[in-house]
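If you want the building blocks of each chain, they are given just below.
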Amino acid sequence: DTVGLRSFFVKNQMKYTWPNRLDATIYTCASREIAKEVKKKIYQKNWGKITNEEMLEQINSDVALNLQIQSNIFTHGENNNIDIIEWKKGISNDIVLDDGSYVLVDINKVMKSRNKEINETRGKVISDYQNVLESEWISALKSKYSVIINREILYSLIK
């Protein structure tokens, strides 16, 4: 019932929204020196002169864990580093972790809260729509048929 599903989605669209999100890349650097080098390379990347993969190869050529990169779209609560920075486009202030490593966050885009499209939340909408249809069906059955419980037989089953 695609027509019914679409109608249900339009009526309940406010239930299906994206929160404020951040399109960002997190660079975890083993030391301050690595962080300085990575920051230069981030500027090069933003000018299209290098990719994250090339950056990883160059920085991790000596030690495999000098640099770790995570690119994603984040919401508040998904990543501690994302939660503590200011959400504005560009490279955030350095974050120094307890183990002496540095975290740099390159914010590509701040995405404001908005309603989801049906194709972005189809599974949830289908589930909610099925629950509504089931609830309506059960209500219709209850209004049409009365339920009579024969307690004598019910209690005879429990022994």
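Data block above holds the structure.
Worth saying up front: this structure is predicted, and the values here are computed from it rather than measured. Along each chain, residue indices are assigned from 1 in the same order as the chain's sequence is written. At least 70 in pLDDT is required for a residue's local features to be given in this predicted model, at least 80 for side-chain atom pairs to be given and counted, and no such filter applies to totals for whole chains, interfaces and linings, which use all residues. Derived side-chain values reflect all non-hydrogen atoms in the structure, with water molecules and hydrogen atoms excluded from consideration.

Visitor: Can you help me understand the overall build of the protein in this one?
Guide: The secondary structure content of the protein amounts to 6 helices and 7 strands. Under the DSSP-based scheme used, a helix requires at least four consecutive residues in state H or I and a strand at least two consecutive residues in state E, with every element numbered from the N terminus. Traced from its N-terminal end to its C-terminal end, the protein shows the element sequence α-β-β-α-α-β-α-β-β-β-β-α-α. Across its three principal axes, the protein shows a C-alpha extent of roughly 80 × 45 × 25 Å. Here's how the labels work: a residue is buried when its accessible area is under 20% of the maximum for its type, exposed when over 50%, partly exposed in between, all with a 1.4 Å probe on protein chains only. For the protein, the residues scored as buried account for 30% of the 159 residues in total. Throughout, a contact is declared for two residues whenever any of their heavy atoms are within 4.5 Å. Taking contacts inside the protein between residues at least 6 apart in sequence as the whole, the part at least 24 apart equals 66%. Areas reported here follow the Shrake-Rupley algorithm with a probe of radius 1.4 Å; residue values treat only the protein chains shown as occluding. Carbon and sulfur atoms make up 51% of the accessible area of the protein, which amounts to about 11,300 Å² in all. Note on charges: Lys and Arg go in the positive column, Asp and Glu in the negative column, and His and the chain ends are not counted at all. Just so you know, the charge point we use is NZ for Lys, CZ for Arg, CG for Asp and CD for Glu. Between the averaged position of the 23 positive side-chain charges in the protein and that of its 21 negative side-chain charges there is a distance of 8 Å.

Visitor: Sorry, what's going on with the nonpolar core here?
Guide: Joining through side-chain atoms within 4.5 Å is the link that ties buried Ala, Val, Leu, Ile, Met, Phe, Trp, Tyr and Cys residues into a set, and such a set is a nonpolar core. Among the nonpolar cores identified, the biggest contains 12 residues, and these are Tyr27, Cys29, Ile34, Ala35, Val38, Ile42, Ile50, Met55, Ile59, Leu67, Tyr102 and Leu104. Those elements giving two or more residues to this core turn out to be β2 (21–29), α2 (32–46), α3 (52–59) and β6 (102–111). The biggest single contributor to this core is α2, with 4 residues. Setting aside residues up to four positions removed in sequence, Ile34 forms contacts with Cys29, Ile59 and Asn66.

Visitor: How do you make sense of the environment of Ile118 when you look at a structure like this?
Guide: Locating Ile118 in the fold gives a position in the loop between β7 (114–115) and α5 (122–144). Judged by its relative accessible area of 9%, Ile118 is buried. C-alpha separation for the pair Ile118 and Val105, spaced 13 residues apart in sequence, amounts to 31 Å. Ignoring anything within four residues of it in the chain, the contact list for Ile118 reads Leu5, Arg6 and Phe9.

Visitor: I would appreciate a short explanation of the packing of α2 against α3 in the present structure.
Guide: Pairs of packed helices are described in terms of their axes, by the angle between the two and the distance that separates them. Running from N to C, α2 and α3 cross one another at 155 degrees; their axes reach a closest spacing of 10 Å. Taken together, the axis directions place α2 and α3 in an arrangement best described as roughly antiparallel. Seen along the crossing, α2 lies across α3 with a hand that is right-handed. Contacts between α2 and α3 involve Ile34, Glu37, Val38, Lys41, Ile42 and Lys45 on the former and, on the latter, Asn52, Met55, Gln58 and Ile59. Under the convention adopted here, Pro, Cys and the residues Ala, Val, Leu, Ile, Met, Phe, Trp and Tyr are nonpolar, Asp, Glu, Lys and Arg are charged, and Gly plus all remaining residues are polar. For the contact of α2 with α3, the class distribution of residues is 5 nonpolar, 2 polar and 3 charged. Helix axes use the C-alpha atoms of the stretch in contact, all axes being lines fitted to C-alpha atoms, and the angles between their N-to-C directions lie in the range 0 to 180 degrees. When an angle is under 35 degrees it counts as roughly parallel; over 145 it counts as roughly antiparallel; between 65 and 115 it counts as roughly perpendicular; any other value is oblique. Crossing chirality is assigned from the near helix's rotation relative to the far helix, an anticlockwise turn below a right angle marking it left-handed and a clockwise turn marking it right-handed.

Visitor: Please clarify how the pattern of salt bridges should be interpreted in this entry.
Guide: Opposite charge on two side chains permits pairing when their charged atoms draw close. Only one rule defines a salt bridge in this text: a Lys or Arg side-chain nitrogen within 4 Å of an Asp or Glu carboxyl oxygen. Summed over all chains, the structure comprises 5 salt bridges. The shortest N-O distance in the salt bridge between Lys15 and Asp128 comes to 3.7 Å. Here Lys15, found in the loop between α1 (2–11) and β1 (17–18), pairs with Asp128, found in helix α5; they are 113 residues apart in sequence, far enough to count as distant. Taking relative accessible area as the criterion, Lys15 reaches 53% and is therefore assigned exposed. Among the ionic pairs, Asp94 bridges to Lys39, the shortest N-O distance being 3.0 Å. One end of the pair, Asp94, is in the loop between β4 (90–91) and β5 (95–96); the other, Lys39, is in helix α2, and 55 residues separate them in sequence.

Visitor: Even after reading the chapter, I still don't get the packing of aromatic side chains, so can you show me in this structure?
Guide: A ring pair, where both rings are aromatic, is described by two values, the distance of the centres and the angle of the planes. Stacked, tilted and edge-to-face are the three classes assigned to paired rings of Phe, Tyr and Trp, where Trp is represented by its six-membered ring and a pair needs centres within 6.5 Å; plane angles under 30 degrees give stacked, over 60 edge-to-face, the rest tilted. Within the structure shown, the criterion is met by 2 aromatic pairs. The interplanar angle of 40 degrees and the centroid separation of 5.4 Å between the aromatic rings of Phe8 and Tyr129 together place this pair among those described as tilted. You can see Phe8 sitting in helix α1 and its partner Tyr129 sitting in helix α5, a full 121 residues away along the chain. Judged on exposure class, the residue Phe8 and its partner Tyr129 are both buried. Over the face of the ring belonging to Trp18 we find Arg21, whose NZ or CZ atom lies 4.2 Å from the ring centre. We count a charge as sitting over a ring when the NZ of a lysine or the CZ of an arginine lies within 6 Å of the ring centre and within 35 degrees of the ring normal. Positioned above the aromatic ring of Trp18 is the side chain of Lys116, whose terminal nitrogen or guanidinium carbon lies 4.3 Å from the ring centre.

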